[in-house]
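Observations on the model geometry
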Amino acid sequence: MTEGIDPIDALLAEIDEEELPPPAERKRLRLAAKLTRGRVAERVGVREETIWAWETGRSDPRPPQRGDYARLLRGLAARFPAPQPPVATVVPEAFAAAPVAEQPAPAAQPVMLDQNPDGSLLMAAPAPCVQCGQPSVYRAQGHPMHLGGFCRPVAAVPAVQQQPAPVAPAAATAPEPAASVAPVAAPRQAAPGATLAAEPRRPGSSRPAASSRARKAPVKKTAAAEGPADWEQAASARFPAGPLAVLDVAPTGRALVAYLADGTQAPTAPTGRTLADVVEWALEVKLGSPRLHRHGKDGDALVVLTDAALAELGLPPMGRDEKKDFVQRLGQLPKTHKAVKQVEKAGWLLTQRGLGPWARVYRTPEDGKRQCVQLCIPGWGALATGGWAIPDGLAAPELARLLGTYAKRVLTPRGSTAVSGLELVTALRPPTRAVRTEAGWTSGAVEGSRPKDAFDPAPPEVLDVHPLAQGRESGGELVTEAWDWHRELADTEKRSAWAVGLDVNMAFLAAAGRLTLPLGPPVHVVNPVFDPKIPGSWLADLSGLDTNPLLPSPFTADGERPTGPAWYSTVKLAYAVELGARVQPVEAYLRYEHGPYLDPWHKHLRAAYLDTMAALGVPLTLADTDPLAFLNAMAALKQGDPAELAVLTAIKQTAKGTIGKMRERPRGHGYKPGERWAALERSTWDPLMRALVIDTATVNLHRKLRKMAGDTGLHCFAVLSDCAVFASPGPGALDILTKADGTLTTSLRLGVSPGMVKFEGSRPMTEIAELIADDTNPARHIKTGGIVSADE
């Protein structure tokens, strides 16, 4: 991209916003010209991942790069015009009598949209429908077309006055997956005497030429056009009862009663008294959740059994007697238990986890579509651990509302919050999709996702018990942990009256946004040239790099200066270059397949977190408009709605637990180092992903601490994970965030958004000095009434 953008060109770039073709066409043009995303990115002046986002519709180009990108696409469109689809001649009965160019209308013919092997409709990137011109994700014989009823004929008016047909409301037309596909609607009708030939195009333009008499006004997006895609509407319509239900016993004690995700009572409840009856009811009322990605899978129904419902269904309470009780140590009821036999007798199956706190009951009927219902049994400890903080004595309707809120904002619970977080990752980034080939349907990869089959990371990245780590030399591992550091107080700090702690909100979540992560296996390289764009592990020596001794070193977990060669992630090595180091790696394990894998997960959880904080009285912009009001609102947070507070805790633990699951250790007794364990077979088990996220959070905080020292002259003297402690004249956050001119520093920006900071706590400096004298990290005790930040 040419430097020094002309202001007129920048203005024209903004006007060109309607010139860009749909995302799928952008990719087609690039591939037709045999250009790589990297080459296009270099010319346009953006990152390779940005081109990928533009071609998948996840983001839209903005000025000034938009103008360069639009010019490129116009040139490619002139050289590689799109193949013109055949003019559709199918006319529904409703319009069979309408003449087109004084020719008799063809007879109505039912047209089937392209389908996947399982019968669901094939969907692709939105493209103009050959019938009406409005975007459609569906295809008929490979061409973009709408579901029956979505296309509307245009009135017979002069061509220069025709407006695009409005899109019909999807709720009235979106079919069930198993329903027959309606006929495709009629093509546009031309004005009397007009032909159906395409309008002439200007050379190098992707739009039809304007009329010499009048120019079309810009088309305003309708509410339907701005709404969810067809596949989202169709998926939502499949589950009218919502994602879950809490089953309890009615006050009369004579029947079961169900409460839905909003806390209201369901019109019906299971009439039988077995688990099979519960499962059948859940499927009958259509509990479940729509997929989060068009190539993903819908979420299974969740039924939560209260203690009263548990007894009513003949299931035992938790205890120690293996013959009469559910024993938590065993994790499931014995396969000989009558409840398990009842499930199997009714034709249902249990997963290998058996009938335990989080059980899955399923079967595969004749049509091949799996039916599954998940059970959550709090009486067996399902919600007692695993990141859940359910208030004691919560009634069934309130429990339903709490879990329903989490399901709406995050995902229907699948187990612990960590398990749910990992499921959210794959729900937003499904590994495969159905692909049609000449030989039939097959499974294909989804761009931007990790493959379905797991691959091993590099030897330096794995745990010491991993098979690849056996025989590894001491010091040959990539060490990535959050900071646990403190230093001796300076004389000026000792004279301060207070120590104040500031904590970064959702630091790991903030670090994951747009972070380049591995999508494929490692490649071993000797004497590589460092490339900050390639994620990987690098063996390099950073012991010669000087950093501020008043701050922790960003290259070690204990904050001490490196003493020799060590393995570092790309993030750490890139930061070393930023600080002035000349890095010369001697060895590396690199991932040439990479992308912003966790970005959808970051955006989804960030929105859930901000929505929950707003519900608790802390909106996004409060700190910017009134910092003191923000601090007061945060101080009163624990007096908020207990259910919303429980959801907030669950969201925080979901973010933290997801990252931890990427390096999950072996479980159970009898494990021997060197053996493989179940977690290694997950495609999301990758210690490098965890390292890159944690290292990014560390580097982000170190960069802010450096800027904080420059803005205010203050250096932190203790850090625990993402909580930094400073010497302060007063006990409040504003005492250290206020600069000499009276304004607030933006180095550590006060606010609720992930990545910003909040007040963690304060203690008298005399107490802090005693902790340091005992070689105890004071950041661990800065929070009044606790030992560590609840966030981390």
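Refer to the structure above for everything that follows.
For the structure given in this document, a descriptive report is provided here. The numbers attached to residues start from 1 for each chain and follow its sequence in the written order. In keeping with the predicted nature of the model, local features appear solely for residues at pLDDT of at least 70, side-chain atom pairs appear and are counted solely at 80 or more, and the whole-chain, interface and lining totals rest on all residues. Water and hydrogen atoms were dropped before computing side-chain values, which therefore reflect all heavy atoms in the structure.

1. Focus: the overall build of the protein
Stated formally: Here a strand is any run of E in DSSP of at least two residues, a helix any run of H or I of at least four, and the numbering for each starts at the N terminus. Type-normalised accessible area, obtained with a 1.4 Å probe on protein chains alone, sets the label of each residue: buried when under 20%, exposed when over 50%, and partly exposed for intermediate values. Here, residues are in contact when the closest pair of their heavy atoms is within 4.5 Å. Each accessible area is a Shrake-Rupley result for a 1.4 Å probe, and residues are judged covered by the shown protein chains and nothing else.
A tally of helices and strands in the protein yields 22 helices and 22 strands. Taking all 792 residues of the protein together, 47% fall into the buried category. Across the protein, the fraction of contacts at a sequence separation of at least 24, relative to all contacts at a separation of at least 6, is 68%. Accessible area of the protein: about 38,200 Å², with a carbon and sulfur share of 53%.

2. Considerations on helix H2 (residues 23–32)
Short version of the rule: As used here, the arc belongs to the directions running from the helix axis to the C-beta atoms.
Those residues of H2 lying buried are Pro23, Arg26, Leu29 and Arg30. Across the axial projection of H2, the buried residues extend over an arc of 125°, all falling on one side. Where H2 is buried, its residues touch helix H3 (37–44), helix H4 (48–56) and helix H5 (65–79). Where H2 ends, the next residue or the one after it, lysine 34, has phi of about 60°, a positive value.

3. As for the sheet that holds strand E16 (residues 536–541)
Put simply, the rule is: For two strands to be treated as a pair, DSSP must find no fewer than two bridges joining them. Between N-to-C directions, angles span 0 to 180 degrees; the directions come from axes that are lines fitted to C-alpha atoms, helices contributing only their stretch in contact.
Pairing in this open sheet of four strands is antiparallel, and the strands run E15-E18-E16-E17 from one edge to the other. The outermost strands of the open sheet, each flanked by one partner alone, are strand E15 (523–526) and strand E17 (565–569). Strand-to-strand twist across the sheet, computed as the mean angle between neighbouring axes with direction ignored, equals 25°. Of the strand pairs in this sheet, E16 and E17 are connected by five bridges, and their pairing is antiparallel. Bridge pairing in E17 links aspartate 541 to proline 565. Packing against the sheet, helix H15 (residues 570–578) makes contact with E16 and E17, and its axis sits at approximately 105° to E17.

4. Section: the pairing of strand E5 (residues 256–260)
Burial of E5 is extensive: five of the five residues sit out of reach of the surface. By the alternation rule, side chains of E5 split into Leu256, Ala258 and Leu260 and Val257 and Tyr259, which are all buried. Relative to E5, strand E4 (residues 244–249) runs antiparallel, the two sharing five bridges. Its bridge partner lying in E5, aspartate 248 is registered against valine 257. The antiparallel hairpin formed by E4 and E5 contains six residues in its connecting segment, where glycine 253 sits at a positive phi of about 80°.

5. Description of helix H16 (residues 599–615)
Rule in force here: A helix is expected to span 1.5 Å for every residue after the first.
Taking 1.5 Å of rise per residue, 17 residues should cover 24 Å, and H16 covers 24 Å from first to last C-alpha, within 8% of that figure. All of the buried residues along H16 are Asp599, Pro600, Trp601, His602, His604, Leu605, Ala608, Tyr609, Leu610, Thr612 and Met613. Looking at the buried positions of H16, the neighbouring elements they touch are helix H11 (396–409), helix H12 (417–428), helix H14 (507–512), helix H18 (627–635) and helix H19 (642–661). One or two steps after H16, the chain reaches glycine 617, where phi turns positive at roughly 95°.

6. Digging into the nonpolar core
Rule in force here: For the purposes of this section, nonpolar cores are sets of buried Ala, Val, Leu, Ile, Met, Phe, Trp, Tyr and Cys residues that join through side-chain atoms within 4.5 Å.
Leu598, Trp601, Phe630, Ile651, Leu705, Phe726 and Leu748 are the most contacted members of the largest nonpolar core, which totals 112 residues. Ranked by the residues each element gives to this core, the list is headed by helix H20 (residues 687–712), at eleven residues. What leucine 598 contacts, discounting residues up to four positions off in sequence, is Val425, Ala512, Leu517, Ile659, Met662 and Val693.

7. Here's the deal with the sheet that holds strand E13 (residues 498–504)
Across the sheet, which stays open at both edges, the five strands sit in the order E12-E20-E21-E13-E22 with antiparallel pairing between neighbours. For this open sheet the edge positions go to strand E12 (484–486) and strand E22 (757–764), each flanked by a neighbour on one side alone. Neighbour to neighbour, the strand axes of the sheet diverge by 20° on average, direction disregarded. Relative to the sheet, helix H22 (residues 765–773) contacts E12, E13, strand E21 (723–728) and E22, its axis offset from that of E22 by approximately 85°.

8. Considering the pattern of salt bridges
For clarity, the cut-off: Basic side-chain nitrogens of Lys or Arg form a salt bridge, by our definition, when they fall within 4 Å of a carboxyl oxygen of Asp or Glu.
Counted according to the given criterion, the structure contains 36 salt bridges. Here glutamate 25 makes a salt bridge to arginine 28, at a shortest N to O gap of 2.8 Å. Linking glutamate 25 with arginine 28, this pair stays in helix H2, spanning three residues, or about one helical turn. Residue arginine 763 is joined to glutamate 767 by a salt bridge in which the shortest nitrogen-to-oxygen separation is 2.5 Å. Judged by relative accessible area, arginine 763 falls into the buried class, the value being 19%. Here the residues in one salt-bridge network are Lys661, Glu664, Arg667 and Arg682, joined through shared partners.

9. Some remarks on the pairing of strand E18 (residues 587–590)
Relative to E18, E15 is paired through four bridges, and the arrangement is antiparallel. Bridge pairing links valine 526 to glutamate 587 in E18. Relative to E18, E16 runs antiparallel, the two being bridged by four bridges. Bridge pairing in E18 links glycine 536 to leucine 590.

10. Side note on the environment of phenylalanine 726
Relative to the helices and strands, phenylalanine 726 is located in strand E21. Its relative accessible area of 0% is what places phenylalanine 726 among the buried residues. Linking phenylalanine 726 and cysteine 716, residues ten residues apart in sequence, is a C-alpha distance of 4.6 Å. Those residues within four positions of phenylalanine 726 in sequence are excluded, and the remaining contacts are Trp498, Ala499, Val500, Leu502, Leu705, Met708, Leu714, His715, Cys716, Phe717, Ile736 and Leu748.

11. Re the packing of aromatic side chains
Selection criterion: For Phe, Tyr and Trp, rings pair up if their centres lie within 6.5 Å, where Trp contributes its six-membered ring, and each pair is then called stacked (planes under 30 degrees apart), edge-to-face (over 60) or tilted (otherwise).
Overall, the coordinates contain nine aromatic pairs when judged by the stated rule. For the pair tryptophan 54 and tyrosine 69, a centre-to-centre distance of 4.7 Å together with 45° between the ring planes defines the contact as tilted. Residue tryptophan 54 is located in helix H4, and its partner tyrosine 69 is located in helix H5; the two are separated by 15 residues in the primary sequence. Between phenylalanine 326 and tryptophan 380 the ring centres are 4.2 Å apart and the planes differ by 5°, which places this aromatic pair in the stacked class. Separated by 54 residues along the polypeptide, phenylalanine 326 in the loop between helix H9 (307–312) and helix H10 (338–345) and tryptophan 380 in the loop between strand E9 (371–376) and H11 bring together distant segments of the chain. By the burial criterion, phenylalanine 326 is buried, and tryptophan 380 matches it. The rings of Phe555, Tyr568 and Tyr575 are connected pair by pair, giving a single aromatic cluster.

12. Description of unusual backbone geometry
Here the phi dihedral of methionine 506 falls at roughly 45°; this positive angle occurs in a residue that is not glycine. By secondary structure assignment, the location of methionine 506 is in the loop between E13 and H14. Positive phi outside glycine occurs at arginine 514, with the angle close to 60°. By the secondary structure assignment, arginine 514 is in the loop between H14 and strand E14 (517–518). The partly exposed category is assigned to arginine 514, whose relative accessible area is 28%.

13. Re the side chain of serine 569
Turning to its location among the elements, serine 569 is positioned in strand E17. Exposure remark for serine 569: the relative accessible area of 0% places this residue in the buried category.

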